[in-house]
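# Survey of secondary and tertiary structure
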Amino acid sequence: MSYGNGRFVTVNSSDSNKGISSAGKSWNEGSRGYANTCIDYYEKDSKFYAASSGGSIYRSEDGISWSSFATAPIGNITRIVCGEGCVVVMNRSRQTAAYDRDTKIWSTGTLPKDCCAICYGSGKFIAIQSASGSSASNVYSSTNGITWSFLVSGTFGDSGFAGNVCYGNGKFATIADNGYMTYSTNGGSSWSKAQNPVGLGTGYTDVCYGGGEFYATKDSSIMCISEDYISTTTPKSYIKLG
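Residues numbered from 1 in each chain as written. Predicted model: local features only at pLDDT ≥ 70, side-chain atom pairs only at ≥ 80, totals over all residues. Heavy atoms only, no water.

The strand order 17-18-19-20 describes an open sheet built from four strands, whose pairing is antiparallel. Each having just a single partner strand, strand 17 (163-168) and strand 20 (192-193) make up the two edges of the open sheet. Where strand 19 (residues 181-184) meets strand 20, two bridges bridge the pair, whose relative direction is antiparallel. From the neighbouring strand, T182 faces strand 20, where its bridge partner is K193. (Pairing = 2+ DSSP bridges. Helix = DSSP H or I, 4+ residues; strand = E, 2+ residues; numbered from the N terminus.)

Tracing the chain through its elements places D62 in the loop between strand 7 (56-60) and strand 8 (67-71). Residue classification places D62 among the partly exposed residues on the basis of a relative accessible area of 29%. Separated by 53 residues in the primary sequence, D62 and V9 have C-alpha atoms spaced 8.5 Å apart. The contacts of D62, once residues within four sequence positions are left out, are R7, V9 and F48. Of note is the side chain of D62, whose polar atom sits 3.1 Å from the side chain of S60. At 3.0 Å, the side chain of D62 and the backbone nitrogen of S65 are in polar contact. (Buried < 20%, exposed > 50% of the residue type's maximum accessible area, 1.4 Å probe, protein only. Contact = heavy atoms within 4.5 Å. Polar contact = N/O pair within 3.5 Å; in protein donor to acceptor, adjacent residues only side chain to side chain.)

Turning our attention to the packing of aromatic side chains. For the structure on display, the rule yields twelve aromatic pairs. An aromatic cluster is defined as three or more aromatic residues linked by ring pairs; in this entry it consists of Y49, F69, Y99 and W106. If you follow K193 out to its NZ or CZ, it ends over the ring of Y180, 5.1 Å from the centre. (Phe/Tyr/Trp six-rings, centres within 6.5 Å; stacked < 30°, edge-to-face > 60°. Lys NZ or Arg CZ within 6 Å of the ring centre and 35° of its normal.)

Time to look at the pattern of salt bridges. Per the counting criterion, the structure on display carries two salt bridges. Between R101 and D45 there is a salt bridge whose closest N-O contact spans 2.9 Å. Of this pair, R101 sits in the loop between strand 11 (95-100) and strand 12 (105-110) while D45 sits in the loop between strand 5 (38-42) and strand 6 (47-51), and the two are 56 residues apart along the sequence. R101 gets classed as partly exposed once you look at its relative accessible area, which sits at 23%. The class for D45 is buried, based on a relative accessible area of 16%. K47 serves as the salt-bridge partner of E61, at 3.8 Å between the closest nitrogen and oxygen. A residue pair is termed long-range when its members are at least 10 positions apart, and E61 in the loop between strand 7 and strand 8 and K47 in strand 6 qualify at 14 residues. (Salt bridge = Lys/Arg side-chain N within 4 Å of Asp/Glu carboxyl O.)

Membership of the largest hydrophobic core comes to 16 residues, with the highest contact counts inside it found for Y49, I57, I80 and V89. At the level of secondary structure, the elements contributing two or more residues to this core comprise strand 5, strand 6, strand 8, strand 9 (77-83), strand 10 (86-91) and strand 11. By residue number, the principal contributor to this core is strand 9, which donates three residues. Look past the residues within four positions of I80 in its chain and what remains in contact with it is C38, I39, D40, Y49, A50, A51, I57, V87, V88 and V89. (Core = buried A, V, L, I, M, F, W, Y, C linked by side-chain atoms within 4.5 Å.)

Time to look at unusual backbone geometry. Not every positive phi belongs to a glycine, and N5 is a case in point at roughly 55 degrees. With respect to the helices, strands and loops of the structure, N5 is situated in the loop between strand 1 (2-4) and strand 2 (7-11). Judged by relative accessible area, N5 falls into the partly exposed class, the value being 40%. Look at N76: it is not a glycine, yet its phi comes out positive at around 55 degrees. Structurally, N76 can be placed in the loop between strand 8 and strand 9. N76 gets classed as partly exposed once you look at its relative accessible area, which sits at 47%.

Now the structure itself:
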């Protein structure tokens, strides 16, 4: 899920997408005729970018009508993120590819082992590593989405990290599929555990900031957590799609 132009937009593996108003209540479905796996919003050109697992990338101003943008040199794409004049994608094999919007040239790189989520914020790309058991996950940073360097180690889930990361309101925020939430207010240099809202449960694999608040998503459900993400005992709202 991503936020821009006053609305949230989700994509899924079928041929439909949904746009939501900033109020977080009224959803409208639009058809693209092709399946996408991930989405991000690029503020510099006010467009959503979505990627298919096969490497095709599409863009849209409203999240309803989409046009072809580019084809990545890697397949099995799982994440897309925009920043620093680039559109960056990653795949299941930890490969990354960055499309420079000025030169219109793709560059490729490789993430460190087991990285499963990327995000842009605070002037950098960050990637978070999945870990097993109680092992700490490493966080890596990059200025171009291709060359990555170690930033810090942290704990992002009681049984490892398998979720997503976003940036908003001056902080990075993560959520793991077991409900473990963390945040960083210093550009990813250190991380703290956030208070889990009552009823959060498990299975939330995406987190998004938009309209001044953080949201967690799973399947066809969206929970509005809070404005600061740090200490919320009761979620502000719960939305069921479909």
